[in-house]
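# Topology and contacts: notes
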Amino acid sequence: TMGKLENMPASYARIAVEPLAGVLGAEIGGVTLAGLADDAAWNEIRRAFVDYSVLVFRDQALTPADLMAVGERFGAPCHYPFVTGMDGYPFVFEVIKEPDETTNFGGGWHSDTTYLPQPPLATLLHAVETPARGGDTLFTSTRAAYDALSVGMKRLVDGLVGVNSAALKSGGGRSAMHRNIGAMKIHDTDRADALEAEHPVARTHPESGRKALYLSRTHTIRFRDMSEAESSPIIEWLQAHQTRPEFTCRVRWMPGTLTVWDNRCTQHNAINDYHGQRRHMRRLTVGAQTPV
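Anyway, here's the lowdown on the structure attached to this text. (Residues numbered from 1 in each chain as written. Predicted model: local features only at pLDDT ≥ 70, side-chain atom pairs only at ≥ 80, totals over all residues. Heavy atoms only, no water.)

On to the pairing of strand β5 (residues 93–97), then. Of all five residues that make up β5, four are buried, and the element is covered over most of its length. Here five bridges tie β5 to strand β16 (residues 279–288), and the two strands are oriented antiparallel to one another. Within β16, the position partnered with F93 by the bridge is R283. (Buried < 20%, exposed > 50% of the residue type's maximum accessible area, 1.4 Å probe, protein only. Helix = DSSP H or I, 4+ residues; strand = E, 2+ residues; numbered from the N terminus. Pairing = 2+ DSSP bridges.)

What follows is about helix α2 (residues 64–72). In an α-helix there are 3.6 residues to a turn, and that puts residues three or four apart on one side. Of the residues making up α2, those classed as buried are P64, L67, M68, V70 and G71. Along the axis of α2, the buried positions cluster into a sector of 165°, meaning they face one direction only. Among the structural elements, α1 (39–52), β4 (77–78), β6 (120–129), β14 (258–262) and β16 are those in contact with the buried residues of α2. (Arc of directions from axis to C-beta. Contact = heavy atoms within 4.5 Å.)

Here β16 lies mainly inside the structure; nine of its 10 residues are buried. Where β4 lies against β16, two bridges are found, and the strand directions are antiparallel. By the bridge assignment, P77 is partnered in β16 with V286. In terms of strand pairing, β6 meets β16 through eight bridges, oriented antiparallel. Bridging across to β16, E129 finds its partner in H280.

For the rest of this paragraph, the subject is the nonpolar core. Counting residues in hydrophobic clusters, the biggest one holds 38 residues, and the most contacted among them are V157 and L213. Counting 29 residues, the second largest nonpolar core, distinct from the first, contains A26, F57, L62 and L258. (Core = buried A, V, L, I, M, F, W, Y, C linked by side-chain atoms within 4.5 Å.)

In this structure, T257 sits in the loop between β13 (248–251) and β14. Measuring from C-alpha to C-alpha, the distance between T257 and V56 comes to 6.9 Å, with 201 residues separating the pair along the chain. Excluding its chain neighbours within four sequence positions, the residues that come into contact with T257 are V56, F57, R58, D59, L125, H126 and A127.

Geometric values such as these leave the question of function open.
See the structure below:
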């Protein structure tokens, strides 16, 4: 059974908070992020980030420099190993799907770069150009998913360590995900096999102290000390479980929308339903952190 959002978050004075769904996600209003120097407002934004995991800010005119400054409020910037950043802004890269392209970037449920020893705690995605309809992003609370497990399944996952790979073997290979993404500067995908990291399958959030599932069909090959054949049915079951509709919210993008999400307790899935239309976003990851 689903509880209400944990201990209903305390009230906010500097920002307006409008929840998007039952267990995660909120639109944040009453604030202009570019040049925002109000530390009390930033403290509330970071508190909302822990409370809701996915924050959506509308109508934010942000240059790449502004995006970097907003990101710094959550953590130091991180490099992404497979895409070249913007000129002058190596940490910010453009996510573009042209009208004639059919493959999108970020499709399939995942948490960002779990194959790195220290994945980013937050991802920022800012919409520059969006399709008339389509191109939404789904998010799911892997914390709510963990909480909903039986005592026996929690005991099992609490003892598991996931082996996470950039090669995306079960997802058809990274080349399949990155094929035909013509507008984006993709490189070094031949190094994907070498990028591998082991992380706990039940991850404890350092700020909330809550556990969340931390594995995906996209990146988790197997569990430590277990074969792929043994691991696969458990990975498949947990992946289906953690993306049940009641654990999710959905973000519709408009130009100027900034969404910041917590990679430690969510997964996301970019919906590829806008062939023939252009979508142009800017992405930044911040706060490299060792999962525990």
